[in-house]
Amino acid sequence: MAIGALTAGLLGGAMAVAPSAAAAYAGQCNSNQVTATGVTSGYSITRPAYQTGISRTANCWMDYGSAGSGVSWLQFTLNSCYGFNLATDGDFGPATRDALATAQGRENISADGRYGTESRQYLKFPRYRNINGDRSGCESIN
């Protein structure tokens, strides 16, 4: 795996590599999750999540080469909350990586183009009214 990750890095990516075990992520983001933690009263935000069975957690990661609905939600978030014009195709390619790094820089966090703990906590995500579900701006959990 280490050689594959090194080769992918030298060739410009194309392979998602899980973060270190120290981060203790549940898995690669493959869904999205609504949460009211730390947001304005009466509103919820929706972030990428890892889902297995009926259990979901926002404690997930994504990187260059990741794919699926977690990536699509990240792309939607970057378009909606940061003004990008990414295809919401579920493919974490160079455009998604660059847009994420730019958004991370705007939030003064590590601008590495990888989605993990800091991104989950400090990026702004689409915010919805709890009463009727109407979209109402963007907000982070911190």
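Residues numbered from 1 in each chain as written. Predicted model: local features only at pLDDT ≥ 70, side-chain atom pairs only at ≥ 80, totals over all residues. Heavy atoms only, no water.

What about the overall build of the protein chain?
The helix and strand tally for the protein chain stands at four helices and seven strands. When the helices and strands of the protein chain are read in sequence order from the N terminus, they spell out α-β-β-β-β-β-α-α-α-β-β. Going through the 142 residues of the protein chain one by one, you find that 40% of them count as buried. (Helix = DSSP H or I, 4+ residues; strand = E, 2+ residues; numbered from the N terminus. Buried < 20%, exposed > 50% of the residue type's maximum accessible area, 1.4 Å probe, protein only.)

Topic: helix α2 (residues 69-82)
Its 14 residues place the ends of α2 19 Å apart at the C-alpha level, agreeing with the 20 Å of an ideal helix rising 1.5 Å per residue. Here α2 lies mainly inside the structure; ten of its 14 residues are buried. Looking at α2, one finds that the buried residues are Gly70, Val71, Trp73, Leu74, Gln75, Thr77, Leu78, Asn79, Cys81 and Tyr82. Where the residues of α2 are buried, they touch β2 (31-35), β3 (43-52), α3 (94-106), α4 (117-122), β6 (125-129) and β7 (135-139). Just beyond α2, the residue with positive phi is glycine 83, at close to 80 degrees. (Expected span 1.5 Å × (residues − 1). Contact = heavy atoms within 4.5 Å.)

Looking at the nonpolar core
Counting 20 residues, the largest nonpolar core has Met62, Leu74, Leu78, Phe92, Leu100, Tyr115 and Leu123 as the members making the most contacts within it. Every element with two or more residues in this core is listed here: α2 and α3. Beyond its immediate sequence surroundings of up to four residues, leucine 78 is in contact with Gly83, Phe84, Leu86, Thr96, Ala99, Leu100 and Ala103. (Core = buried A, V, L, I, M, F, W, Y, C linked by side-chain atoms within 4.5 Å.)

Digging into the state of the cysteines
Taken as a whole and judged by the stated rule, the model has two disulfides. The disulfide partner of cysteine 29 is cysteine 60, and the gap between their sulfur atoms is 2.1 Å. The sign of the S-S torsion, about 95 degrees, decides the handedness of the disulfide formed by cysteine 29 and cysteine 60: right-handed. Taken together, the residues span a long stretch of sequence, with cysteine 29 in the loop between β1 (27-28) and β2 and cysteine 60 in strand β5 (residues 60-61) at a distance of 31 residues. Just as cysteine 29 is buried, cysteine 60 falls in that class too. Taking only the cysteines that form disulfides and numbering them from first to last, the protein chain has the pattern 1-2, 3-4. (Disulfide = S-S within 2.5 Å.)

Some thoughts on the pairing of β3
Within β3, seven of the ten residues are buried, which leaves the element mostly enclosed by the surrounding structure. Strand direction decides the pairing type here: β2 and β3, joined by five bridges, are antiparallel. Residue pairing across strands places serine 31 opposite alanine 49, the latter belonging to β3. For β3 and β6, the ladder comprises three bridges, and the chain directions are antiparallel. Bridge assignment links serine 44 to a residue of β6, and that residue is tyrosine 128. (Pairing = 2+ DSSP bridges.)

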